[in-house]
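Below, each chain spelled out in residue letters.
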Amino acid sequence: MSAEIKKGYIRPLDLRNGRVDMSHGSGGRAMVQLITDLFSKHFANDYLSQGNDGTLLPEAKGRIVVSTDSHVVSPLFFPGGDIGCLSVHGTVNDVAVMGATPLYLTAGFILEEGFPLKDLARIVESMAKAAKEAGVTIVAGDTKVVEQGNGDGVFITTTGLGFLPDGDELSGDRVRPGDVVLLSGTLGDHGVAIMSQRENLSFDTPILSDTAALNGLVATMLASGANLKVMRDPTRGGLAATVNEISHQSGVGIHLDEANIPVRAEVEAACELLGLDPLNIANEGKLIAICAKEDSDLLLAAMRSHPLGERSAIIGQAVEDPNCFVQIRTRFGGRRMVDWLSGEQLPRIC
Amino acid sequence: MKYVDEFRDGQLAQGLARAIAAEALPDRRYNFMEFCGGHTHAISRYGVPDLLPSNVRMIHGPGCPVCVLPIGRIDLAIMLALEKGVILCTYADTLRVPASGRLSLMRAKARGGDIRMVYSVTDAIKIARDNPNKEVVFFAIGFETTTPPTAEAIRQADSEGMKNFSVLCCHVLTPSAIINILESPEVRVLGTVPLDGFVGPAHVSTVIGSRPYEFFAEEYRKPVVIAGFEPLDVMQAILMLIRQVNEGRAEVENEFTRAVTPDGNLKAQKLVSEVFELRRTFEWRGLGEVPYSALKIRGQYAQLDAERRFNLEYKPVPDNKSCECGAILRGLKKPIDCKLFGTVCTPEDPMGSCMVSSEGACAAHYSYGRYKDAEVTL
Ligand code: SF4
């Protein structure tokens, strides 16, 4: 055979059996390969391929809304989703509930040495799919590798950029006594899906995380023309934390009605077993909205017209209260306070 | 989950509320103690006091396993983790209980103690199997409900000849605590705590049965109604207590017949008495030393008893001077009577044990009932 000058050969990324190693974060060839063969391939777009230290985005109209969120969920893959789509939905939702249209995301990955590339590929594909569905583009990214034992597989931080047209902005301090609180669907699905996985609980019907991008639902709500005061997605800390934040920001009390708060029967049963309260559990595809009383039916109808808001309900009302207490009328007929959770929500033992 | 909803039905609750209001005599007061933290939680969580007339008052008793753990016991657990280098396995609730030197198990964990949260003693056994070169200690707390699983684990570890597993036993007994409250001078002589009856424990009674309560119903003339942990159970029990008081009866009645029998679970009782024996005395947080109120591991299983294995010596440590947990557990005071309530002492940074578990009187009032204090001061 005649001598042939070979091109510099790099073994392709072994997506079947390969694992992340320290060289994938070192700035050398291996890192470039990981980025081109995995991230750029799935996230492909013109901004990402500019190849400069920063990404230049086109001029846009409106005020900029920005939000950032780090995702450290365990297990990484759970019924109804994974850390990849979750990291897109979480940030898209934070931008969307400001009333803005989310357009761009950045993504930072911290990978643990030894993490299977096969799983990483699954996560990246899931992110790409979620971004596409939500209509956002991943325009910048970063990857670092930490030594084995210093991470939990994968951590993903995403930052979202969106644009807000002129006019009144939504804000947690705009709620007045009389305003009405709406919720877009069942509480607790995400948190219970994760916890039942961790605790090895199995149910006849598996509980799926509700992780979803809410910008479509938000657009429908904004289009209804209802006088919205604030929207927020009750993630960590659940509805209880979100409603307390708003009541303190606005200096009002909020009264909720437990009978009107939708909770799936399976979630309720799991909460019973684990000693948890659905009000404190994280959601990843739900929002609460507060609007002027006269517009509440209009807003409710708009929410219910969207697939992600089918089970929307009016769940409470703001009242005058200098203590800013959140109270709930229980289904049982009594009243109690709804407070932030202290510490972690821990199952009771007795 | 239909089963659960049946016991939380708002309409049934209204019906019971009407019956209670109709039968409670307007010219007398009714003070009932719910012994169990599970009842305290249900009462606060579902807003039961709202459904009671103003002359029926519920007093939160000492039946919250975390609340009655004295500082000295937590100190022992912390010492095992920090100084003896054991893997300490514990239920989540105990992690935040304040101990000496501003420590808690949670803080000891942050200082490098290998402290692991488990859901059952079986998890602890598994950890011991997975770490054959480490000493693994299970911090066993709780009333009669959690005792049989601990007994079973000790027997199993013994028959398997496990070399690295032991139990720090802090199991306590319900009837002795109730008697201690009834014997206290405030109740017996001074009458400063008017106690008209007890809502008896649910899960505990499934194990010990309803018979153990007969003694003090008779001896102290206090009616007892054993009730399930659902809010409707509690309402029904309150109604039954009111009837007993009105009729001058002091009997043990059982609202929770769907689970409690007079003799309880004999198999579990036998297991427990095989592995454990009575301690002569045990310190309860809030109640002090209570004779024959707790269990220790029998000599036959000495190598599985962390106290003997590590030569632990118990040192009682007094509570924060301003903490009123003791008086609150006895029904002498209410959480708002404590100067520290809601200011220095909150569920985020508990000073006393009643603020730790959601079953504790202070924590329950802080998280669920505080709005009522505001209504008074407004
Ligand atoms: S508020 Fe805190 S310090 Fe006061 S009695 Fe309750 S637990 Fe003790």
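Rules used in this analysis
- Residues numbered from 1 in each chain as written.
- Chains lettered and ligands numbered in written order.
- Predicted model: local features only at pLDDT ≥ 70, side-chain atom pairs only at ≥ 80, totals over all residues.
- Heavy atoms only, no water.
- Helix = DSSP H or I, 4+ residues; strand = E, 2+ residues; numbered from the N terminus.
- Expected span 1.5 Å × (residues − 1).
- Buried < 20%, exposed > 50% of the residue type's maximum accessible area, 1.4 Å probe, protein only.
- Disulfide = S-S within 2.5 Å.
- Domains from an automatic or database assignment.
- Contact = heavy atoms within 4.5 Å.
- Buried area = accessible area lost by both parts, 1.4 Å probe.
- Pairing = 2+ DSSP bridges.
- Axes fitted to C-alpha atoms, helices over the stretch in contact; angles between N-to-C directions.
- Salt bridge = Lys/Arg side-chain N within 4 Å of Asp/Glu carboxyl O.

Residue and element names in this part refer to chain B. Its 12 residues place the ends of helix α4 (residues 71-82) 16 Å apart at the C-alpha level, agreeing with the 16 Å of an ideal helix rising 1.5 Å per residue. Of all 12 residues in α4, 10 are buried, a share of seventy percent or more. Taken residue by residue, α4 has Ile-71, Gly-72, Arg-73, Ile-74, Asp-75, Leu-76, Ala-77, Ile-78, Leu-80 and Ala-81 as its buried positions.

Further remarks concern the state of the cysteines. Residue and element names in this part refer to chain B. Using the criterion set out here, one finds one disulfide over all chains in the structure. The partner cysteine of Cys-64 in its disulfide is Cys-67, sulfur to sulfur 2.3 Å. Handedness of the Cys-64-Cys-67 disulfide follows from its S-S torsion of about 70°: it is right-handed. Accessibility assignment for this pair places Cys-64 and Cys-67 in one class, buried.

Attention now moves to the domain arrangement of chain A. Residue and element names in this part refer to chain A. With domains assigned, chain A is organised as domain 1 (3-164) and domain 2 (180-337). Taking only C-alpha atoms into account, the centre of domain 1 sits 30 Å from that of domain 2. The interface of domain 1 with domain 2 comprises 20 residues on the first partner and 20 residues on the second. Buried surface at the junction of domain 1 and domain 2, both sides included, amounts to about 1600 Å², of which 62% is carbon and sulfur.

What follows deals with the sheet that holds strand β5 (residues 137-146) of chain A. Residues and elements named next belong to chain A. Strands sit in the order β1-β6-β4-β5 across an open sheet of four strands; the sheet is mixed. The open sheet has two free edges, formed respectively by β1 (63-71) and β5, since each of these has just one partner strand. Across this sheet, the average inter-strand angle for adjacent strands is 15°, counted without regard to direction. By the bridge criterion, nine bridges tie β1 to strand β6 (residues 154-164) in an arrangement that is antiparallel. In the sheet register, Arg-63 faces β6, and the bridge partner there is Leu-164. On top of the sheet, helix α3 (residues 117-134) reaches β4 (101-112), β5 and β6; it is set at about 10° to β6, its chief contact.

Moving on to the pattern of salt bridges. Opposite charge on two side chains allows them to pair when their charged atoms are near. Residues and elements named next belong to chain A. On inspection of all chains with the given rule, the structure shows 36 salt bridges over all chains. A salt bridge links Lys-144 to Asp-142, with the shortest nitrogen-to-oxygen separation between them at 2.8 Å. Look at Asp-142 and you get partly exposed, because its relative accessible area is 37%. Through salt bridges with shared partners, a single network forms among Asp-189, Asp-210, Arg-264 and Lys-286.

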